[in-house]
Amino acid sequence: MKESDNKKSPIGVFDSGYGGLTILDKIQEKLPGYDFIYLGDNARAPYGSRSFEIVYKFTLEAVKKLFDMGCNLVILACNTASAKALRSIQQNDLPLIAPSNRVLGVIRPTAEYVALKSKTRHVGLFGTQGTVQSNSYPLELKKLAPDLRVESLACPMWVPLIENGEAYGQGADYFVKKYVDILLEKDDDIDSIILGCTHYPILKSKIESCLPKSIEVISQGELVAESLADYLNRHPEIDRRISKNGETHFYTTESADKFSDLASLFLNRNVDVEHLDIE
């Protein structure tokens, strides 16, 4: 595959499904004049329980598709993809398929914030099974702050509750409290909890209601947006290649109608969506 010949292009934002919309929303707030393409691989979601090899394969296919669509910069707005595929794509694939393009993830900006903010040096992580099993957050945090202790917990019920429209119901109350209690039983010195799945900000207020006010619940959208703005400021050669018409286009590998209906849960607005095959 050749690199895009476009001098300017949208920023690509990729997720296995809907959660990345919480990242896109905050990036758009921070960079309102920029163009974006959002691609959700809903037909093959969820990624959270899949193997490293499959997540890498699917993510690379999506990145290549976004490159073909003119994106020179792609954000993996998915913790599982960032954990299982980002490093391989950056180190092994980009030099061969598009050496001047860039792919960034969501784990590093979050880890940098937590490493600075935690006072007790005890940190909690809620994530999908895949993100927790990858050990990516503890490894990244240990690089930045070797003194940090990280307790991780997979929350397999949260994404289905959110995607089935039950985020504000009693079922969500039960499962939020259940996982919060389990995490705090593991370590009651935690002062910061990372929401290590881009769906989880939908449950943030419920999570906070089950916690002491001394514990900060950290969602990634604002942190990724701030980090991206800083990255573009430090790399004007990349920023110049991005088109800035304030336009956003949405694509899904599954039903466009279904995606449009659920997207409103994450963006609080209706969006026009097109179906796209990336295999």
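That block above? That's the structure.
Residues numbered from 1 in each chain as written. Predicted model: local features only at pLDDT ≥ 70, side-chain atom pairs only at ≥ 80, totals over all residues. Heavy atoms only, no water.

Q: Summarise the layout of surface pockets; cite the residues concerned and give the values.
A: One number sums up the size of the largest pocket: a volume of about 660 Å³. Lining the largest pocket are 27 residues; nearest its centre among them are L86, Q90, G105, R108 and E140. Going through the elements one at a time, α3 (79-84), α4 (86-97), α5 (107-117), α7 (136-144) and α11 (221-234) are the ones with two or more residues in the lining of the largest pocket. Top element by residues in the lining of the largest pocket is α11. It accounts for six residues. Partitioned by chemical class, the residues of the lining of the largest pocket number 12 nonpolar, seven polar and eight charged. Approximately 540 Å³ is the volume attributed to the second largest pocket. Taken together, 28 residues make up the lining of the second largest pocket; nearest its centre are A45, P46, Y47, V159 and E163. Counting residues per element, the lining of the second largest pocket draws most heavily on helix α8 (residues 158-163), which supplies three residues. For the lining of the second largest pocket, the class distribution of residues is 12 nonpolar, 12 polar and four charged. (1 Å grid on protein atoms, 1.4 Å probe; cavity = no way out; pocket = protein on both sides within 12 Å on 5 of 7 lines; lining within 4 Å. Points joined across faces, edges and corners; volume = space filled by probe spheres on them. Helix = DSSP H or I, 4+ residues; strand = E, 2+ residues; numbered from the N terminus. Nonpolar A, V, L, I, M, F, W, Y, C, P; charged D, E, K, R; others polar.)

Q: Describe the pairing of strand β7 (residues 192-196), with residues and values.
A: Of all five residues that make up β7, five are buried, and the element is covered over most of its length. A two-sided burial pattern is seen for β7, the buried positions comprising S192, I194 and G196 on one face and I193 and L195 on the other. The pairing of strand β5 (residues 122-127) with β7 spans five bridges and is parallel. Looking at β7, one finds that F126 is bridged to L195. In the sheet, β7 pairs with strand β8 (residues 216-218) via three bridges, with the strands oriented parallel. (Buried < 20%, exposed > 50% of the residue type's maximum accessible area, 1.4 Å probe, protein only. Pairing = 2+ DSSP bridges.)

Q: Outline helix α9 (residues 170-186), listing residues and values.
A: Each full turn of the α-helix corresponds to 3.6 residues, which orients residues three or four apart in the same direction. Between the first and last C-alpha of α9 there are 25 Å, a value that for 17 residues agrees with the 24 Å anticipated at 1.5 Å per step. Turning to α9, its buried residues are A172, F175, V176, Y179, V180 and L183. Viewed end-on, α9 has its buried residues packed into an arc of 130 degrees, placing them on one side of the element. Exposed and oriented more than 90 degrees from the buried face of α9 are Q170, Y174 and E185. The elements touched by buried residues of α9 are β5, β6 (149-154), α8, β7 and α10 (204-209). (Expected span 1.5 Å × (residues − 1). Arc of directions from axis to C-beta. Contact = heavy atoms within 4.5 Å.)

Q: Any details on the sheet that holds β7? Residues and values, ideally.
A: With respect to topology, four strands assemble into an open sheet ordered β6-β5-β7-β8, the strand pairing being parallel. Strand pairing shows two members of the sheet lacking a second neighbour, β6 and β8, which therefore form its edges. Neighbour to neighbour, the strand axes of the sheet diverge by 20 degrees on average, direction disregarded. Its contacts with the sheet put α5 on β5, β7 and β8, and the angle it makes with β8 is roughly 165 degrees. In this fold α9 packs onto β5, β6 and β7, with an angle of close to 150 degrees to the strand it touches most, β6. (Axes fitted to C-alpha atoms, helices over the stretch in contact; angles between N-to-C directions.)

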